Amino acid sequence: MSELELVHRGKVREMYRVDAEHLLMVASDRISAFDVVFREPIPDKGQVLTAMTLWWSDWLSPIAPTHVVSADPADFGAPAHGADWAGRALLVRRAEMLPIECIVRGCITGSAWKEYRTGGTMHGEPMTAGLLESERLPEPVFTPSTKATTGHDVNISFAEAANLVGSEAAHAAGQICVDAYSAGAAHAAGRGIVIADTKFELGYVDGALVIADEILTPDSSRFWPKDQWRPGAAPPSLDKQPVRDATAATGWNKEPPPPPLTEDVIAATRGRYIEAYEALTGESYVGWCERWAQAAEMQP
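Scope of this entry: the structure provided in the associated data block. (Residues numbered from 1 in each chain as written. Predicted model: local features only at pLDDT ≥ 70, side-chain atom pairs only at ≥ 80, totals over all residues. Heavy atoms only, no water.)

Let us look at the packing of aromatic side chains. According to the stated counting rule, one finds nine aromatic pairs in the structure shown. Geometrically, the ring pair formed by Tyr-16 and Trp-85 is tilted, given 4.8 Å between the ring centres and 45° between the ring planes. With a gap of 69 residues between them, Tyr-16 in strand S2 (residues 13-17) and Trp-85 in the loop between strand S6 (68-70) and strand S7 (89-93) connect regions that are remote in the sequence. For the pair Tyr-16 and Trp-85, one class covers both residues: buried. (Phe/Tyr/Trp six-rings, centres within 6.5 Å; stacked < 30°, edge-to-face > 60°. Helix = DSSP H or I, 4+ residues; strand = E, 2+ residues; numbered from the N terminus. Buried < 20%, exposed > 50% of the residue type's maximum accessible area, 1.4 Å probe, protein only.)

Pasting the structure below:
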């Protein structure tokens, strides 16, 4: 059986062609922040992203369709590199992707907070005066950005997104993303986690708009421990925040090459990814790894 054809290498994932309608999405341990990929990997990160995406895809299926098909190597129809891809690979439907990042914000933080603090707007839209950093917004807001192939994504208004993808697609994307975020955030709150914001990618499969790529992971979202969240301050995050904080503290200009990550930052980030997965899903990360390692061993 021949090897799969590599069709795309992103910051974190590789996409391989399975057939005309399907791709194999493989998550690496690479980590990016500020749109820059670091030299040092975060151990186990790829498996966590895959496990969470599969779990959320199943959980959100009554609310929002996704392109996920299966995580079982028996369904891949081609070699899956044995243990190298165990628990990292998802068979997905090929989608015609929208050229925007579909961000939903439930709390005001990150780049949105910086913009608001400077001019009272969020993605160019006027906001209520007097909001505090990390404060929950009255309702989740769809705030798109450009999808840069190089350099940094740029926050844009809804009107600018509609100009890029068409008004109908922009409204449909916003509704799907807000619905998925709202349901996911409500579930997470019951598990002790605030999902401050998240980024979805959407595309068309058989003419229907679906969520593609990763779903509500620590790479695409800000997860805050609910018991440590207070408006007016930035709480600790169960995501890549240790990387952001440590590298920003060096005075790095957020352009390649990035500063090296210390062992402490790597360990802290790994621990937060696993903690987020287990808290949100109620499942064991070790159990996930063992399940797919055994499945890989059974493949020819």
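Moving on: the pattern of salt bridges. One pass over the full model with this rule turns up twelve salt bridges. We note a salt bridge from Asp-213 to Arg-13, for which the minimum N-O separation is 3.9 Å. Residue Asp-213 is located in the loop between strand S15 (208-212) and strand S16 (221-225), and its partner Arg-13 is located in strand S2; the two are separated by 200 residues in the primary sequence. Taking the relative accessible area as the measure of exposure, Asp-213 reaches 16% and is therefore buried. For Arg-13, a relative accessible area of 8% puts it in the buried group. Arg-93 is the partner of Asp-206 in a salt bridge, and the nearest nitrogen-oxygen pair spans 3.0 Å. Of this pair, Asp-206 sits in the loop between strand S14 (193-205) and S15 while Arg-93 sits in strand S7, and the two are 113 residues apart along the sequence. (Salt bridge = Lys/Arg side-chain N within 4 Å of Asp/Glu carboxyl O.)

The next subject is the pairing of strand S3 (residues 22-27). In terms of burial, S3 is largely enclosed, as six of its six residues are buried. Across five bridges, the pairing between S2 and S3 is antiparallel. Counted as the bridge partner of Arg-13 is Ala-27 from S3. (Pairing = 2+ DSSP bridges.)

Among the structural elements, Asp-44 can be located in the loop between strand S5 (36-37) and helix H1 (45-59). Put simply, Asp-44 and Val-92 are 48 residues apart on the chain and 21 Å apart in space, counted from C-alpha to C-alpha. Sequence-distant contacts of Asp-44, that is, excluding residues within four places in its chain, are made with Asp-29, Arg-270 and Tyr-285. (Contact = heavy atoms within 4.5 Å.)

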